[in-house]
Amino acid sequence: MGKGGSLSEGVLRKILLSYAYVGIWIFLSFTVIVFNKYILDRKLYGWPYPITLTLIHMSFCSALAFLLINVLRLVDPVSMSRQLFLTSVVPIGALYSLSLWLSNSAYIYLSVSFIQMLKALMPVAVYSIGVALRKDAFNPRTMLNMLSISFGVAVAAYGEAKFDAWGVTLQLGALVFEATRLVMIQILLTSKGINLNPITSLYYVAPCCFVFLLVPWVLVEYPILRDNSSFHLDFWVFGANAFCAFALNLAVFLLVGKTSALTMNVAGVVKDWLLIAFSWSIIKDTVTPINLFGYGLAFLGVGYYNYLKLQALKAKEAQKKAAPEGNDEEAGRLLEERKLEGTGEKRASQT
């Protein structure tokens, strides 16, 4: 009885910790998205400088990642040569900088609820780019599912009360760059046995993003900020915003490491619906029945896609267990696929 009680306590503790990790991730992801919208929207805080905001995020995250890895030594570093850094990490950093720039810019023109609906296209972008780069094999059933997701998002866009073509273009561009980044991580890093968690990823990628974003910042936003006499950087607002962005990456690190890809996918769905409800009830964004109908169709398609991916991962893991031992590289690749399945949003999420 005592042994059984002890086992039950251990299981209960594990379940409670899993719910805690999920709750923290949902809260931080929710907070970062709403916080970015608040800062960038001209009708709210009124500070429409997405490149500057992203630069603040990247400098803050670079500094904290350096502190965690090199000073506090709470996260193990990854051994990486200069050639690997230049040929693999730098291109990924360039894609990430473009994704963050465009996604943050979209908050100026689109509502939070509509942006979440457009993000349902992420599996479509990842699969299409994976097929184009020969990372994934073409499957007619999967492509049909991708078309159903696209149709649902198109219906949601048709029902959008405040449709802005430029904002949609920015968000779709961000999705394309982010999807390309995820595929290139598998091609340039995972295939070479390099697995980066969200903290080590920030350690290597965030400084690259900062450097890449300096060029458009100098050309686009710096002249405006220089000539704007009312410009004032509120340390508390932007410091809190940057800290939330870094904390979100830390939450991803905990969630992916302590739970599973399926848990994160389900948590992402809950977060998306909460954001839509918040956008409608608190921010007073208009959400039409056609919006919800279209997003519902896309949601079903995304759910089916995640189900198929999960089944494929289970089949590969079962095959791996049945096969002779010794193929450690394949095992590492499967683990990284599970992590990428969990962090495909977000991505971000952090945007």
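Refer to the structure printed above.
Residues numbered from 1 in each chain as written. Predicted model: local features only at pLDDT ≥ 70, side-chain atom pairs only at ≥ 80, totals over all residues. Heavy atoms only, no water.

### Quick word on a nonpolar patch on the surface
Phase 1 of the analysis: A cluster of nonpolar residues, Phe66, Leu67, Val71, Leu72 and Leu74, forms a patch on the protein surface that exposes about 470 Å² of accessible area.
Phase 2 of the analysis: As for its position among the elements, Phe66 is in helix 2 (residues 50–71).
Phase 3 of the analysis: Owing to a relative accessible area of 42%, Phe66 belongs among the partly exposed residues under this scheme. (Patch = residues over 30% accessible without salt bridge, like charges linked within 9 Å, V, L, I, M, F, W, Y side chains within 5 Å. Areas by Shrake-Rupley, 256 points an atom, 1.4 Å probe, with all protein chains shown as cover. Salt bridge = Lys/Arg side-chain N within 4 Å of Asp/Glu carboxyl O. Helix = DSSP H or I, 4+ residues; strand = E, 2+ residues; numbered from the N terminus. Buried < 20%, exposed > 50% of the residue type's maximum accessible area, 1.4 Å probe, protein only.)

### Describing the packing of helix 3 (residues 82–106) against helix 7 (residues 165–188)
Phase 1 of the analysis: Following both chains from N to C, one finds helix 3 and helix 7 inclined at 160°, their axes separated by 8 Å at the closest point. Here helix 3 is positioned roughly antiparallel relative to helix 7, judged by the angle of their axes. In the packing of helix 3 onto helix 7, the handedness of the crossing is left-handed.
Phase 2 of the analysis: Split into classes, the residues belonging to the contact of helix 3 with helix 7 amount to 14 nonpolar, nine polar and two charged. (Axes fitted to C-alpha atoms, helices over the stretch in contact; angles between N-to-C directions. Parallel < 35°, antiparallel > 145°, perpendicular 65-115°, else oblique. Left-handed = near helix turned anticlockwise from the far one by under 90°. Nonpolar A, V, L, I, M, F, W, Y, C, P; charged D, E, K, R; others polar.)

### Details of the pattern of salt bridges
Phase 1 of the analysis: All told, the structure shown has four salt bridges when counted by the stated rule.
Phase 2 of the analysis: Among the salt bridges present, the one from Lys37 reaches Asp41, with a minimum N-O distance of 2.8 Å.
Phase 3 of the analysis: The exposure class of Asp41 is buried, given its relative accessible area of 11%.

### Points about the nonpolar core
Phase 1 of the analysis: In this structure, Trp25, Ile39, Phe114, Met117, Ile149 and Phe238 are the most contacted members of the largest nonpolar core, which totals 68 residues.
Phase 2 of the analysis: Element by element, the count of residues in this core is highest for helix 1 (residues 2–40), at twelve residues.
Phase 3 of the analysis: For Ile39, the residues in contact, after removing those within four places along its chain, are Tyr45, Gly46, Trp47, Leu53, Val237, Phe238 and Asn241.
Phase 4 of the analysis: Listed in part, the 28 residues of the second largest apolar core include Ala65, Val78, Leu196 and Val205. (Core = buried A, V, L, I, M, F, W, Y, C linked by side-chain atoms within 4.5 Å. Contact = heavy atoms within 4.5 Å.)

### Regarding the side chain of Ser201
Phase 1 of the analysis: If you trace the backbone, Ser201 turns up in helix 8 (residues 198–227).
Phase 2 of the analysis: By relative accessible area, Ser201 is classed as buried at 18%.
Phase 3 of the analysis: Not counting residues up to four positions away in its chain, the partners in contact with Ser201 are Leu196 and Ala206.

### Some points on helix 8
Phase 1 of the analysis: Its 30 residues place the ends of helix 8 only 37 Å apart at the C-alpha level, less than the 44 Å of an ideal helix rising 1.5 Å per residue.
Phase 2 of the analysis: Along helix 8, the sharpest kink reaches roughly 55°, centred on Trp217.
Phase 3 of the analysis: Capping the start of helix 8, Asn197 holds a side-chain oxygen 2.8 Å from the backbone nitrogen of Ile199, two or three residues further along. (Expected span 1.5 Å × (residues − 1). Bend = angle between axes of the 7 residues up to and from the residue. Polar contact = N/O pair within 3.5 Å; in protein donor to acceptor, adjacent residues only side chain to side chain.)

### Section: helix 2
Phase 1 of the analysis: The end-to-end C-alpha distance of helix 2, which contains 22 residues, comes to 31 Å, matching closely the 32 Å that a straight helix rising 1.5 Å per residue would cover.
Phase 2 of the analysis: Backbone geometry just downstream of helix 2 places Arg73 in the positive-phi region, at approximately 55°.

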